[in-house]
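Structural characterization, general
Residues per chain, in single letters:
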Amino acid sequence: MRHLITLHELKRGEIDRIFAIAEDLKSKYRQGLREPLLPGRVLALLFEKPSLRTRVSFETAMSHLGGTSLFLGEDVGWGSRESIADFARVLSEYVDAIVVRAHEHAKLLELAAYSSCPVINGLTDQAHPCQALADLFTLRERLGSLRGQTLAFVGDGNNVARSLAVGCAKLGMHFVLSCPHAYRLDDDFLDRLRHDVPDMRYSYLPDPRAAVAQAAAVYTDVWASMGQEAQAAERRAAFAAYQVNSELLEHAPANTYFMHCLPAHRGEEVTDEVIDGPRSIVVEQAANRLHVQKGILAWLLGSRQ
Ligand code: CP
Ligand code: NVA
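Residues numbered from 1 in each chain as written. Chains lettered and ligands numbered in written order. Predicted model: local features only at pLDDT ≥ 70, side-chain atom pairs only at ≥ 80, totals over all residues. Heavy atoms only, no water.

Once that is clear, we can look at the site of ligand 2. Taken together, the neighbourhood of ligand 2 is formed by Leu123, His128, Asn158, Asn159, Val160, Asp221, Val222, Ser225, Met226 and Leu262. One nitrogen or oxygen atom from the side chain of serine 225 is found 2.7 Å from a nitrogen atom belonging to ligand 2. Between an oxygen atom of ligand 2 and a main-chain N or O atom of methionine 226, the distance comes to 2.8 Å. Bound to the protein, ligand 2 loses 95% of the 270 Å² it would expose on its own. When grouped by side-chain class, the residues that make up the shell around ligand 2 number 5 nonpolar, 4 polar and 1 charged. (Near = heavy atom within 4 Å. Polar contact = N/O pair within 3.5 Å; in protein donor to acceptor, adjacent residues only side chain to side chain. Areas by Shrake-Rupley, 256 points an atom, 1.4 Å probe, with all protein chains shown as cover. Nonpolar A, V, L, I, M, F, W, Y, C, P; charged D, E, K, R; others polar.)

So, in structure tokens, the structure goes:
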């Protein structure tokens, strides 16, 4: 049995397989076909933080695949009403897979250690693998091939940046991070990634203009993630020179794409002009969450492995 905790655990061929299933199901969906690959299966969504895209795309994906889902909010008390271990052992007897959105990555790892069914990371402070898969799937649709292309991430070295860095390494893309020094990706994370993918291409460029110069896509995310609200003012000051605006994009290739996982804080990390402009593919990214969740579910639950 497999979990999807981070993209570190996925081999390149497995990412390709998830993308192939997603592509096939997306094309069928567009023809009005909903292939019931997971009849009767039940997906639990265990969420400690708010969500639109992750929650609705997983729930809708299960419905299209012939299964059902159930949403479990904070009131279920995993780790407070009862131990995480007891909770995981019992919940995994009822359902076929569990998507978890947790504040602390360690809590997700503990749940997965005691779960008898697959656990999927729906975002923690450390990683957002399903987001990165949908983003790279979207970029591949646009570019045809990802190998050798550059993704410039201008913003916080956060959960989304980490998952994109791993995904880019696995798929042969150059990942360029631009942010203040204190917010860059940590050395332990990069050492592990280099160990997994020795030929990976990663650059840290504090100057955002230099970072976007070769970018096939410029990506950003909020400066203060969920759970970091108390640091919002400090982060706004630290990241002031890292806004993705029209002036910054003048330093990127003319055909560069703009990407954001959403939700966006318009006027902070990105201007209206850019996110609503012709280079923006943010709604495509969000739409592809549905198709890629289907790829992940069908792959992980065995019907298409
Ligand atoms: N991008 C993303 O994960 O959005 P939600 O927080 O709405 O799920
Ligand atoms: N980095 C953001 C991503 C939201 C989808 C957060 O964790 O809040």
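This next bit is on the sheet that holds strand E4 (residues 119-121). Taken in spatial order, the 4 strands make up an open sheet running E2-E1-E3-E4, and their pairing is parallel. The two strands at the open ends of the sheet, each matched to only one other strand, are strand E2 (68-72) and E4. The sheet shows a mean angle of 20° between the axes of neighbouring strands, direction not considered. Where strand E1 (residues 42-47) and strand E3 (residues 97-101) come together, 5 bridges link them in parallel fashion. (Pairing = 2+ DSSP bridges. Helix = DSSP H or I, 4+ residues; strand = E, 2+ residues; numbered from the N terminus. Axes fitted to C-alpha atoms, helices over the stretch in contact; angles between N-to-C directions.)

Below, the discussion takes up the packing of aromatic side chains. One pass over the structure, following the stated rule, counts 9 aromatic pairs. Look at phenylalanine 19 and phenylalanine 137: their rings are 5.5 Å apart centre to centre, the planes differ by 70°, and that puts the pair in the edge-to-face class. Of the two residues, phenylalanine 19 is situated in helix H1 (residues 12-30) and phenylalanine 137 in helix H5 (residues 129-143); the sequence distance between them amounts to 118 residues. By the burial criterion, phenylalanine 19 is buried, and phenylalanine 137 matches it. On the numbers, 6.3 Å between centres and 15° between planes, the contact of phenylalanine 175 with tyrosine 202 is stacked. Residue phenylalanine 175 is found in strand E6 (residues 174-178), and its partner tyrosine 202 is found in strand E7 (residues 201-204); the two are separated by 27 residues along the sequence. Across this residue pair, the class does not change: phenylalanine 175 and tyrosine 202 are buried. Grouping aromatic residues by their ring pairs yields a cluster made of Phe153, Phe175, Tyr202 and Tyr219. Here the basic side chain of arginine 55 rests over the ring of phenylalanine 71, its NZ or CZ set 3.6 Å away from the ring centre. Sitting over the face of the ring of tyrosine 29, lysine 294 holds its NZ or CZ atom 4.6 Å from the ring centroid. (Phe/Tyr/Trp six-rings, centres within 6.5 Å; stacked < 30°, edge-to-face > 60°. Buried < 20%, exposed > 50% of the residue type's maximum accessible area, 1.4 Å probe, protein only. Lys NZ or Arg CZ within 6 Å of the ring centre and 35° of its normal.)

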